[in-house]
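Here's the letter readout for the chains.
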Amino acid sequence: GAVVSQHPSWVICKSGTSVKIECRSLDFQATTMFWYRQFPKQSLMLMATSNEGSKATYEQGVEKDKFLINHASLTLSTLTVTSAHPEDSSFYICSARSSGLRDTQYFGPGTRLTVL
Amino acid sequence: SQKIEQNSEALNIQEGKTATLTCNYTNYSPAYLQWYRQDPGRGPVFLLLIRENEKEKRKERLKVTFDTTLKQSLFHITASQPADSATYLCALPGNSGYALNFGKGTSLLVTP
């Protein structure tokens, strides 16, 4: 099946610093990538949708200036958490969709962010 | 508002039995519904997709039903094994394109 990777798998940073998370589709071209956030014992919450070469669409309540998304190629999207604070500590998961995969999304393994 | 509800209580069953998980939704008219498996500290893994014109779908030991009148999907694992222990998520397409909205998931524990 289609494989999506994320890097890093976990990161610990100090409050006020910025963290970049990469999401790659390894064996297919992702026309659309999605970024989700999951707090403990909660459901995945969609943060934003990004299409290659265009600006990301953010869900209501998600600050676009804080969570910068770049989908520069058909296999790579990045999420940068700027000026991270402890409340940004969460599990960030990306998913990728290809027009050839017909409504199916493939998820990355997730990135655990801990902000001290 | 749109809601996806899954049993919040964990489901404990004995190995070999059939596990049945429920997903109910409101204020949706989904073209399809998906089930995912999520292990602790990992991203969701796609299991099955069932479309609105399909009542039932099977894949190996998995079976999904979709009742658009009741607004409910049932997810069955037959001949359950301890390796089936995980959280199972129900997902529906959201309003923004192909993005998914997820339920909170139901934790399944299969004991030997």
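Residues numbered from 1 in each chain as written. Chains lettered and ligands numbered in written order. Predicted model: local features only at pLDDT ≥ 70, side-chain atom pairs only at ≥ 80, totals over all residues. Heavy atoms only, no water.

1. Looking at the overall build of chain A
Next, step 1: Of regular secondary structure, chain A possesses 0 helices and 11 strands.
Next, step 2: Written out in order from the N terminus, the α and β elements of chain A read β-β-β-β-β-β-β-β-β-β-β.
Next, step 3: Its C-alpha atoms give chain A a radius of gyration of 13 Å, near enough to 13 Å, the size a compact globule of 116 residues would have.
Next, step 4: Once the C-alpha set of chain A is aligned to its principal axes, its extents read approximately 40 × 25 × 20 Å.
Next, step 5: A total of 116 residues make up chain A; the buried ones form 50% of that total.
Next, step 6: The contacts in chain A between residues at least 6 apart in sequence include a share of 55% that link residues at least 24 apart.
Next, step 7: Accessible surface for chain A amounts to roughly 5,700 Å². Of this, 52% is attributable to carbon and sulfur atoms.
Next, step 8: Chain A carries 11 positive and 9 negative side-chain charges, and their two centres are separated by 3 Å. (Helix = DSSP H or I, 4+ residues; strand = E, 2+ residues; numbered from the N terminus. Rg over C-alpha atoms; globule rule 2.2 N^0.38 Å. Buried < 20%, exposed > 50% of the residue type's maximum accessible area, 1.4 Å probe, protein only. Contact = heavy atoms within 4.5 Å. Areas by Shrake-Rupley, 256 points an atom, 1.4 Å probe, with all protein chains shown as cover. Lys, Arg positive; Asp, Glu negative; His and termini not counted. Charge placed at Lys NZ, Arg CZ, Asp CG, Glu CD.)

2. Some points on the interface of chain B and chain A
Next, step 1: Facing 19 residues of chain B, the contacting portion of chain A comprises 20 residues.
Next, step 2: Both faces considered, chain B and chain A share a buried interface measuring about 1,600 Å² in area, 54% of it formed by carbon and sulfur atoms.
Next, step 3: Linking chain B with chain A are 0 salt bridges, by the criterion used here.
Next, step 4: Between the two partners, chain B and chain A, sit 4 residue pairs in polar contact (both at pLDDT 80 or more).
Next, step 5: For the side of chain B that touches chain A, the element with the most residues is strand 4 (residues 32–38) of chain B, which contributes 4 residues. (Buried area = accessible area lost by both parts, 1.4 Å probe. Salt bridge = Lys/Arg side-chain N within 4 Å of Asp/Glu carboxyl O. Polar contact = N/O pair within 3.5 Å; in protein donor to acceptor, adjacent residues only side chain to side chain.)

3. Topic: the nonpolar core
As a rule of thumb, soluble globular proteins bury nonpolar side chains together.
Next, step 1: In this structure, A:Trp35, A:Phe67, A:Leu79, A:Tyr92 and A:Leu113 are the most contacted members of the largest nonpolar core, which totals 24 residues.
Next, step 2: The next biggest cluster of nonpolar side chains, apart from the first, holds 23 residues, and it includes B:Ile4, B:Ile13, B:Leu47 and B:Tyr88. (Core = buried A, V, L, I, M, F, W, Y, C linked by side-chain atoms within 4.5 Å.)

4. Looking at the sheet that holds strand 1 (residues 4–7) of chain A
Residue and element names in this part refer to chain A.
Next, step 1: In space, the 4 strands of this open sheet follow the order 1-3-8-7, with antiparallel pairing throughout. In this open sheet, the two strands that pair with only one neighbour each are strand 1 and strand 7 (67–73). Pairs of neighbouring strands in the sheet enclose a mean axial angle of 15 degrees, with direction left out of account.
Next, step 2: Strand direction decides the pairing type here: strand 3 (residues 19–25) and strand 8 (residues 76–81), joined by 6 bridges, are antiparallel. Following the sheet pairing, Lys-20 is matched in strand 8 by Thr-80. (Pairing = 2+ DSSP bridges. Axes fitted to C-alpha atoms, helices over the stretch in contact; angles between N-to-C directions.)

5. A few points about the pattern of salt bridges
Next, step 1: All chains considered together, the criterion is met by 6 salt bridges over all chains.
Next, step 2: For A:Lys66, the salt bridge identified is with A:Asp88, shortest N-O distance 2.9 Å. Here A:Asp88 lies in the loop between strand 8 and strand 9 (90–97) and A:Lys66 lies in the loop between strand 6 (57–58) and strand 7, a separation of 22 residues in the sequence.
Next, step 3: On the accessibility criterion, A:Lys66 (11% relative accessible area) is buried.
Next, step 4: Of the charged contacts, one joins B:Lys57 and B:Glu54 as a salt bridge, the two residues approaching to 3.8 Å between their closest N and O atoms.

6. Details of the confidence of the model for chain A
Low-confidence regions, as indicated by low pLDDT, have predicted coordinates that should not be scrutinised in detail.
Next, step 1: On average, residues of chain A score 92 in pLDDT, and 95% of them are at 70 or above.
Next, step 2: Strand 11 (residues 111–115) of chain A holds the highest mean pLDDT among the elements of chain A, 97, whereas strand 7 of chain A holds the lowest, 91. (pLDDT = per-residue confidence, 0-100.)

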